[in-house]
Amino acid sequence: MKTVTAPRDVPVAPVTPPAARSRRRRDPAPYLLLSPAGLVLAVVTLAPIGFLVFTSFTDYSQRTLFTGVYRFVGADQYTTLLQNPDFWVALLRTVLFTAAMVAGSVLIGMGVSHLLTRLGRAWRNTVTVVLIVAWAMPNVASSLVWNWLFQPGYGVVNWMLGALGSFLAWLSEAFGFPGGSGVFGDAAGLNWAQDPVLAYVVIWLLIVWQAVPFIALTLNAAETQVPHEYKEAARLDGASESTVYRIVTLRFLRPTLLLVTILSVIWDYNVFNQIWLITRGGPDDATATLGVYTYKTAFVGFKIGNGAAISVVTTLLLLGLTAVYIRNLLKAGEDL
Amino acid sequence: MKNAIAAVFCLVWIFPVYWMVNTAFKPRPEVMTPEPHFWPHHPTLDNFTAAVTQPQFLTNLGNSVLVVAVTVVASIVLGILAAAALSRFRFPGRRTIMVVILAVQMLPATAMLIPLFTMFNRLDLLGTYTALILAYVATVLPFSIWVMRGFFVAVPAEVEEAAQIDGATTWRILVSVLFPLVAPGVIATGIFAFIAAWNDYLIAYTFMQDESAYTLPVWLASFTNPHTGTDFGAQMAASVIFAAPVVVFFLIIQRNLVAGMSAGAVKG
């Protein structure tokens, strides 16, 4: 777990004994040191959170932005929201999509992590560099690259699918396999962003592509710590490699796995840029997850009070997971 | 077998990046062709010229540099003091502060965006550098504190005690003993902050309505030619220019990355 908690190039020293600390009990230094950051954070994070909650109880709208006039409407925004089927659909969509993205990236990440432990030095370094480069790509740039890869007419992915289709057609022609032709027949003209299912596929591929490096490298750091003796013992007992992985490695990986899964859920649940830049939530709101739905409500429709209520509900739903995450960090030995 | 899997994985995972770079160096007829060219047959820098001579490129680059620089400096200066307080002292309320710092990191971006937007609107700050910088400090400062705290924690208490025995004051210990020891960590944190602010699209897109006030990511995303459709060659060249510093910085701090990510930094 050491690798996922805090940067520690130097071994962690034990906390100063109480005797040394008590001498400074009345030291005003920590408060003086904290106050500049505390002041700024109070203004730019805590006050806004309070203001968000307040706004969710008002009818803050586009008009309010110009006039400053709004009405306190109590829980109206929330009752309207909870009766709005669009909200429930967006929530369901977010949950399912998050599950698909997390499952994809964690499973592939586990595979790559395990692969790394079995490779020779040269291949291991190559895979690591590839992971870091993919990870480093700013998500605005990769979203634009994705738009280009999946461009109808000129996108290289459509061309590849077309080529694969022709190859399958040729195979079925030559060897009499059924159903090979026509599968990807009109691939060149595929408009991914205009089809709900295909739009999800494109976004899913992008998110998984970006998420795998962090997951693979974090898990790999933990996997290299698994004691060899346990694996050897299992092998001597005649366990197959997959059993060794399941019984020994996975058991040791569990805390790290839990941490990366929770983080992935939090991040994927909050994904905005990639969806916005690829589909803008379309076609017909098919890819409008909660983040996009909130953004459209608050900044396209300028129903800010309504958007604030969605945000509060979204955040509350996330809060449980955040609590689990923080508890895990604490348990992992982070000295709070 | 495992080498074959590694090779396939590398090919698939690097392909999007390769396709960006490859496209950036192709002349236009090679970009817009139904039969893709897997390497530029006639490599050219025209796309880079086209990208940097786009209207607003230099202005928007300048905006990015200014806003990011101020954000990095502010979050380091404020962050280093707070990190010192949270790592080298025991005082009432410390745990609460740390939990709040962690929790704020996990808020959905849109949840911070709405109140910041309305607040800045009331203060007439929308579209100004100040609004952008304040919003970036709000997102970057919590994780700067968290990451730098990790570096402070790594400094053995004995170092501090030795200075104390020599009669150094608290301030003297901080400035002459602790700060120099955590300097590498401060640089790593500065790079984290740079990446987070440099990459931001959502806040700048929402706050900066005027083209001349865009930052690079917003400029990049709005990069379309209304007459001929998107110039993908130029857009990919611009993406290379935009992504290059981030990739370089990533490679420099890669060993600290995993730690920073777990503290909620550099959100996807």
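Residues numbered from 1 in each chain as written. Chains lettered and ligands numbered in written order. Predicted model: local features only at pLDDT ≥ 70, side-chain atom pairs only at ≥ 80, totals over all residues. Heavy atoms only, no water.

Before going further, it helps to spend a moment on the pattern of salt bridges. Residues and elements named next belong to chain A. For the structure shown, the criterion picks out 6 salt bridges over all chains. Ionic pairing is found between Arg71 and Asp59, a salt bridge with its closest N-O pair at 3.7 Å. Here Asp59 lies in the loop between helix H3 (29-55) and helix H4 (62-67) and Arg71 lies in the loop between H4 and helix H5 (76-83), a separation of 12 residues in the sequence. Arg71 gets classed as exposed once you look at its relative accessible area, which sits at 54%. Note that Glu232 and Arg235 form a salt bridge whose closest N and O atoms lie 3.0 Å from each other. Of this pair, Glu232 and Arg235 are both found in helix H11 (residues 228-236), 3 residues apart, which corresponds to roughly one turn of the helix. (Salt bridge = Lys/Arg side-chain N within 4 Å of Asp/Glu carboxyl O. Helix = DSSP H or I, 4+ residues; strand = E, 2+ residues; numbered from the N terminus. Buried < 20%, exposed > 50% of the residue type's maximum accessible area, 1.4 Å probe, protein only.)

Of all residues in chain A, 88% have pLDDT values of 70 or greater, and the mean over the chain is 86. By mean pLDDT, helix H1 (residues 2-5) of chain A is the weakest element of chain A at 35, and helix H6 (residues 85-118) of chain A is the strongest at 96. (pLDDT = per-residue confidence, 0-100.)

If you check helix H6 (residues 109-122) of chain B, its first and last C-alpha atoms are 20 Å apart, about what 14 residues at 1.5 Å a residue would give, namely 20 Å. B:Thr110, B:Ala111, B:Met112, B:Leu113, B:Ile114, B:Pro115, B:Leu116, B:Phe117, B:Thr118, B:Met119, B:Phe120 and B:Asn121 are the residues of H6(B) that are buried. In this fold, the buried residues of H6(B) make contact with H3, H4, helix H14 (290-300) and helix H15 (304-331) of chain A together with helix H7 (129-153) and helix H10 (202-207) of chain B. Positive backbone phi, at 60°, marks B:Asp124, one or two positions downstream of H6(B). (Expected span 1.5 Å × (residues − 1). Contact = heavy atoms within 4.5 Å.)

Two measures describe an aromatic ring pair: the distance that separates the ring centres and the angle between the ring planes. A full pass over the atoms with the stated rule returns 41 aromatic pairs over all chains. Centre to centre, the rings of A:Phe299 and B:Phe117 are 4.9 Å apart; their planes meet at 80°, and the pair counts as edge-to-face. Pair noted here: A:Phe299 is in helix H14 and B:Phe117 is in helix H6, and the two residues belong to different chains. For the residue pair A:Phe299 and B:Phe117, the accessibility class agrees, reading buried in each case. Geometrically, the ring pair formed by B:Phe152 and B:Phe179 is edge-to-face, given 6.3 Å between the ring centres and 65° between the ring planes. Separated by 27 residues along the polypeptide, B:Phe152 in helix H7 and B:Phe179 in helix H9 (residues 170-199) bring together distant segments of the chain. Given the relative accessible area of 1%, B:Phe152 is considered buried. Ring-pair connections join several aromatic residues into one group, and the members of that group are A:Phe272, A:Trp276, A:Tyr295, A:Phe299, A:Phe302, B:Phe117, B:Phe120, B:Tyr201, B:Tyr205 and B:Phe207. Of note, B:Lys26 hangs over the ring of B:Trp19, and the distance from its end group to the ring centre comes to 4.4 Å. The ring of B:Trp146 is capped by B:Arg149, whose NZ or CZ atom sits 5.0 Å from the centre of that ring. (Phe/Tyr/Trp six-rings, centres within 6.5 Å; stacked < 30°, edge-to-face > 60°. Lys NZ or Arg CZ within 6 Å of the ring centre and 35° of its normal.)

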